[in-house]
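Structural description and commentary
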Amino acid sequence: MRKNCEHTHFPVAREVPRVVIAATNSGAGKTSVSIALMAALAHKGLSVSPFKVGPDYIDPAFHAFVAGSASRNLDSWMLTADAVLRIFLDGCAALEPGRGIAVIEGVMGCFDGQGAGNDGSTAHVAELLQAPVLLVVNARGMSRSAAAMVAGYRDFSPAMELGAVIFNQVSGDKHYNLLKDIVESETGVRCAGYLPHNADFSLKSRHLGLIPAEEAVGLRQKVEALASAALQTIDLDAVIILSRRAPALPYPVAESLSVAGDEAKIRMAVARDAAFSFYYQDNLDLLSRLGAKLVYFSPLADSRLPEGIHGLYLGGGFPEEFAERLCANHAIRRNIRELLLSGLPGYAECGGMLYLCQSLTDSAGKSHDMCGFFPDSARMAGRLQRFGYVEAEILKSGPLGPAGTSFRGHEFHHSILAGPDCGGNPDPAGVIRNILKLEKPGKNGWTCGLMRENVQAWYAHVHFHANPAMAASFVASMKTYADAIMKSGHEIQK
C-alpha cells in the first residue's frame, strides 16, 4: 500500500502569536535576547515554539535546549514562500491556544539577505509571516544615535512592521531610560526593555560560529541568568501583546508525495552526537513522514550501527574536534565501511563526508584514520574555504535522485579534500568524483562531491523542502534495498 504525504493540521487559516527578533547587525545580541525571551516567557507559563531564520544549525540547538521543543529553520532563499509558511505553521501545531507564542530569531542584520536582495533576510521572513519585529540594538556607548538607527530601520521597508526595540549591552536603568525617552519621542517606536552588559551572558565561539549547545559548559546557568535578567528588564507583557497583533495565516496546500507506507518498515540510521549534530529538523520529519523510521546512533560511543537498517544519514558537525575519539572507535568505522560496501544506501554531507574518508588531519596537523570508505584524505585549512548559498545540480544518479536533480543549499567549511594519486588511471576503489555542480548566485561554478556504491556525499547542506523529491528518492532507495534483502532471504530459505 502507498499513500500520499499530506498536511491536515490546520483549517484555512490559524492565529499564531509571534514575534521576530531582528538586529541592526551581526553581533548585536540576537541570540542572547532570543534565548532570554524564550526562557523568560517559559517562566511565565507560556509554551514557546522556536524558529531560526536562515541556514544555521547551532542557534536552533540553543533554542531547543531552552524551549524544550525542536527549533526549525525558515529560509526564504532556499525555500519557497509556501514552504516557509508550512514549516512555520507545522512547527506551531503543539502551541496551546491562548498560552503559546512563536519566537523567530533572525539572521545577520535585519535586511541582510542573498547578495543585494531581500530574499533570505530576516525582514523577508517577517513579511512572509506577517510578524511584528523586535529590533535588537547594541546600545553600548550610545544615546541619541540610537534614535537615528531605529528611524532608519522603521522606514527602510514599509512591508515590515517594526513593533518595538530591545536594547543590549545597556549599563543600567539610567542608561535605558535615556535611550527609551529619546527613541520613543524621536521615532514613535516603543521600547520594550533591555539586557544589561554582563560578560557572563556571552556564548563562546569557534571557527563555525558559537560552540554548540551539546558542548557549552554551564549552559543551564547562563540560560537562567539570561531569563532572570529578562524577567527584570524586559517588558514581557508588551512582547506578548505585540505578538498577538499578528493576523491569522493561511495554510498553503502541501505538495503531494508518494511514500512507502508504514508496513514497509524502512529503518534509517542517523548519526547524532556531539560530533554530528547538523540536521534540519524538518529534514528528519519529512523522511519520517515518507516512511523511514529514524534510528539514532553515536559514532563516538556505539560499537556498530543499529540492527536491521536500510539506509544511513551522516549529517554535518565537528568531526575535526572529535577526530581522536572517532579514530579510536575502530569497531564502528569498520562496520560502517563494510555495510556501505555491501550496497547500503547512504547520504553524507560536509562533516559526514569527512568521516567517510580515509583520514582527517585536524587543525594541529595530526592525522586520524576515519572510515576509509572513500580513499580521499581531508585536512583542516587555516581559513574558510566556502561560505554561502549555492545553486546545485546532481550530475550522477544516486540515492538522492537522478542526474539533473537540482536544489538550493548552503556551504560553510574550513576543510579540503584530496583524492589519491592514481597516476591518471581510474580510481581502483571505483569512486566517482565531481558528482555535484554548484554555482554561487552571480559567480562562476565548480564541481565537487563523491560517490561510491550506493552512497552520495558532498559539502553542500541540503534542506529537503527545497526539493522534497530528494527525500522521497532517498526513502525509495532504502525500500529497494530492503526489498532486495527480503528477496535474497526468501531465496536462501528456498
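Structural notes, computed from the coordinates. Keep in mind it's a predicted model, so treat the numbers as computed, not measured. (Residues numbered from 1 in each chain as written. Predicted model: local features only at pLDDT ≥ 70, side-chain atom pairs only at ≥ 80, totals over all residues. Heavy atoms only, no water.)

Quick look at the pairing of strand E14 (residues 266-271) now. Within a regular strand, the side chains alternate between the two sheet faces. For E14, a buried count of five out of six residues is recorded, marking the element as mostly surrounded by other parts of the structure. Pairing of E14 with strand E16 (residues 292-297) involves six bridges; the strand directions are parallel. Each residue of the ladder has a partner; that of Met-268, found in E16, is Leu-294. Summarising the sheet, E14 and strand E17 (residues 311-314) pair through three bridges and their orientation is parallel. Counterpart to Met-268 in the pairing with E17 is Gly-311. (Buried < 20%, exposed > 50% of the residue type's maximum accessible area, 1.4 Å probe, protein only. Helix = DSSP H or I, 4+ residues; strand = E, 2+ residues; numbered from the N terminus. Pairing = 2+ DSSP bridges.)

This paragraph deals with the state of the cysteines. Across all of its chains, the model carries zero disulfides by this definition. Here Cys-110 stays unpaired: no disulfide links it, and the sulfur of Cys-191, its closest cysteine neighbor, is 16 Å away. (Disulfide = S-S within 2.5 Å.)

In a beta sheet, neighbouring strands are held together by backbone hydrogen bonds and run either parallel or antiparallel to one another. One open sheet accounts for seven strands, arranged E5-E4-E6-E3-E7-E8-E9; its pairing is parallel. Each end of this open sheet is capped by a strand with a single partner; those strands are strand E5 (72-74) and strand E9 (190-196). Pairwise comparison of adjacent strand axes, ignoring direction, gives a mean angle of 25 degrees for this sheet. Across the sheet, helix H3 (residues 81-91) lies against strand E3 (18-23), strand E4 (47-53), E5 and strand E6 (100-105), angled at about 150 degrees from E5, the strand it touches most. (Axes fitted to C-alpha atoms, helices over the stretch in contact; angles between N-to-C directions. Contact = heavy atoms within 4.5 Å.)

One open sheet accounts for four strands, arranged E21-E20-E22-E25; its pairing is mixed. A strand with exactly one partner marks an edge of an open sheet, and here the two such strands are strand E21 (367-369) and strand E25 (415-418). In this sheet, neighbouring strand axes are inclined to one another by 20 degrees on average, regardless of whether the strands run parallel or antiparallel. As defined by bridge partners, strand E22 (residues 377-380) adjoins E25 across four bridges and the pair is classed as antiparallel. In the sheet register, Ser-377 faces E25, and the bridge partner there is Ala-418.

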